[in-house]
Amino acid sequence: MRLQGKIVLVTGGNSGIGRAIALRAAAEGARVAISGRDPAKGARVLAELRATGAEAAFVAATLGEGAQAADLIAAVTARFDGIDVVVNNAGSSTRYADIHAEDGPGERLRKVMRINLDAAYHVAAHAVPSLRARGGGSIVNISSTAAVHGSWGNYGIAKAALEALTRALAVQGAPHRIRANGVSPGWIATDVTTGHEDVDRTASLFGRMGTADEIARAVVFLASSEASFVTGQTLIVDGGLTITDYPSQPWLEAEGAWKLFPHMQPE
């Protein structure tokens with residue numbers, strides 16, 4: 001029960017990785033608030049949380065502007081009398097990832113940055129007074145391995161900026177006993193990756209995608225006192241994807257190297 005009695009806010013907690021984080025936090029003893037744009041999805045996850053016996057609440061919110069973030073934090077603090085952990089999970093994926101001049105200078109980039117960076121910035125900034133009032137706390141930002149892969153365009157740019165924000169929050173939060181860290185998932189099996197099962201064999205060194213709960217467990221670790229001396233770090237949870245040079249493997253094997261990826265061999 002690593003989060004026993006802690007008040008945890010998970011933005012984008014009504015589906016996918018956010019849902020898994022909320023459920024794992026509840027299992028670890030937390031009181032959980034989730035936010036999201038879809039009230040129907042929020043109600044379903046809220047019912048799941050309460051079915052575990054957890055105290056939980058859902059706040060409908062479309063983040064990206066300071067006023068929206070302020071309203072969210074005000075609603076959560078009014079409901080629970082504070083916040084101990086903020087998980088900035090809300091984000092978009094590849095809808096506006098390509099870089100096209102016809103969208104107008106910066107417009108496509110701004111759309112991606114608004115939800116993937118601005119939302120986390122505003123939520124964290126408005127949550128800091130509550131975290132300070134509780135004697136400190138933890139912020140965990142959900143990034144992506146897209147931050148180190150140039151192929152993801154504007155989405156990768158936004159996630160790289162989010163990791164820089166994590167480091168800045170860590171420095172500014174330290175005097176107030178506020179830690180800030182990130183988790184960078186690789187290919188994770190959620191509703192977003194449905195239909196991409198062909199990626200499984202090359203998604204990681206283990207020949208599969210990760211699970212949302214594997215990300216959630218990493219988040220709980222960083223949010224808990226077990227990571228009390230960890231701040232300003234982004235933990236990559238991708239099954240070894242980013243350390244692997246897949247195209248080189250046939251050449252290396254031809255040169256006598258071991259078969260590092262037996263799951264990739266033709267049947």
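Residues numbered from 1 in each chain as written. Predicted model: local features only at pLDDT ≥ 70, side-chain atom pairs only at ≥ 80, totals over all residues. Heavy atoms only, no water.

S.K.: Describe the packing of helix H3 (residues 66–80) against helix H4 (residues 107–133), with residues and values.
M.R.: It is at 8 Å that the axes of H3 and H4 come closest, and there the two elements cross at 35°. The interaxial crossing formed by H3 with H4 has right-handed handedness. Contact residues: H3 offers Gly66, Ala69, Ala70, Leu72, Ile73 and Thr77, while H4 offers His122, Val123, His126, Ala127 and Ser130. Among the residues forming the contact of H3 with H4, the class breakdown is six nonpolar, five polar and no charged. (Axes fitted to C-alpha atoms, helices over the stretch in contact; angles between N-to-C directions. Helix = DSSP H or I, 4+ residues; strand = E, 2+ residues; numbered from the N terminus. Left-handed = near helix turned anticlockwise from the far one by under 90°. Contact = heavy atoms within 4.5 Å. Nonpolar A, V, L, I, M, F, W, Y, C, P; charged D, E, K, R; others polar.)

S.K.: Describe in detail the environment of Ala26, supporting the description with residues and values.
M.R.: Tracing the chain through its elements places Ala26 in helix H1 (residues 16–27). A relative accessible area of 10% places Ala26 in the buried class. Considered as a pair, Ala26 and Thr52 are 26 residues apart in the sequence and their alpha carbons are 7.5 Å apart. Setting aside residues no more than four positions away along its own chain, Ala26 makes contact with Val32, Leu49, Thr52 and Ala54. (Buried < 20%, exposed > 50% of the residue type's maximum accessible area, 1.4 Å probe, protein only.)

S.K.: Could you give me a rundown of the packing of aromatic side chains, with the residues and numbers involved?
M.R.: For the coordinates displayed, the defined rule picks out two aromatic pairs. Here Trp152 and Tyr155 contribute two aromatic rings whose centre-to-centre distance is 6.0 Å and whose plane-to-plane angle is 55°, an arrangement assigned as tilted. Residue classification places Trp152 among the partly exposed residues on the basis of a relative accessible area of 28%. Take Tyr155: its relative accessible area is 12%, and that puts it in the buried class. An aromatic cluster of three or more residues is present, and its members are Trp152, Tyr155 and Trp187. Directly above the aromatic system of Phe80 lies the positively charged group of Arg79, at a separation of 4.7 Å from the ring centroid. (Phe/Tyr/Trp six-rings, centres within 6.5 Å; stacked < 30°, edge-to-face > 60°. Lys NZ or Arg CZ within 6 Å of the ring centre and 35° of its normal.)

S.K.: Which residues make up H1, and what values go with them?
M.R.: A rise of 1.5 Å per residue sets the reference length of H1, with its 12 residues, at 16 Å; its end C-alpha atoms lie 17 Å apart and thus fit the reference within 8%. A positive backbone phi angle near 95° is found at Gly29, which sits one or two residues after H1. (Expected span 1.5 Å × (residues − 1).)

S.K.: So what about the pairing of strand E6 (residues 178–185)? Which residues, and what values?
M.R.: Burial analysis of E6 places eight of its eight residues in the buried class, which makes it a mostly covered element. Sheet topology places strand E5 (residues 137–142) next to E6; six bridges connect them, and they run parallel. Each bridged residue has a counterpart across the sheet, and for Gly137 the counterpart in E6 is Ile178. Once you follow E5 into helix H5 (residues 153–173) and on to E6, the crossover reads as right-handed. Sheet topology places E6 next to strand E9 (residues 234–237); four bridges connect them, and they run parallel. Its bridge partner being in E9, Pro185 is matched across the sheet by Val237. (Pairing = 2+ DSSP bridges. Right-handed = clockwise from strand over helix to strand, strands pointing away.)

S.K.: I'd love a proper account of H4, names of residues and values included.
M.R.: Here H4 is 27 residues long and its end C-alpha atoms lie 38 Å apart, about the 39 Å a rise of 1.5 Å per residue gives. Its maximal kink placed at Arg114, H4 deviates by approximately 50°. The positive-phi residue at the C-terminal boundary of H4 is Gly135, with phi of around 85°. (Bend = angle between axes of the 7 residues up to and from the residue.)

S.K.: Any chance you could break down the side chain of Ser143 for me, citing the residues and the numbers?
M.R.: By secondary structure assignment, the location of Ser143 is in the loop between E5 and H5. In terms of polar contacts, Ser143 uses its side chain to reach the side chain of Glu163, at 2.7 Å. Among all residues touching Ser143, those that are not within four sequence positions of it are Lys159, Leu162, Glu163, Val183, Ser184, Pro185 and Thr234. (Polar contact = N/O pair within 3.5 Å; in protein donor to acceptor, adjacent residues only side chain to side chain.)

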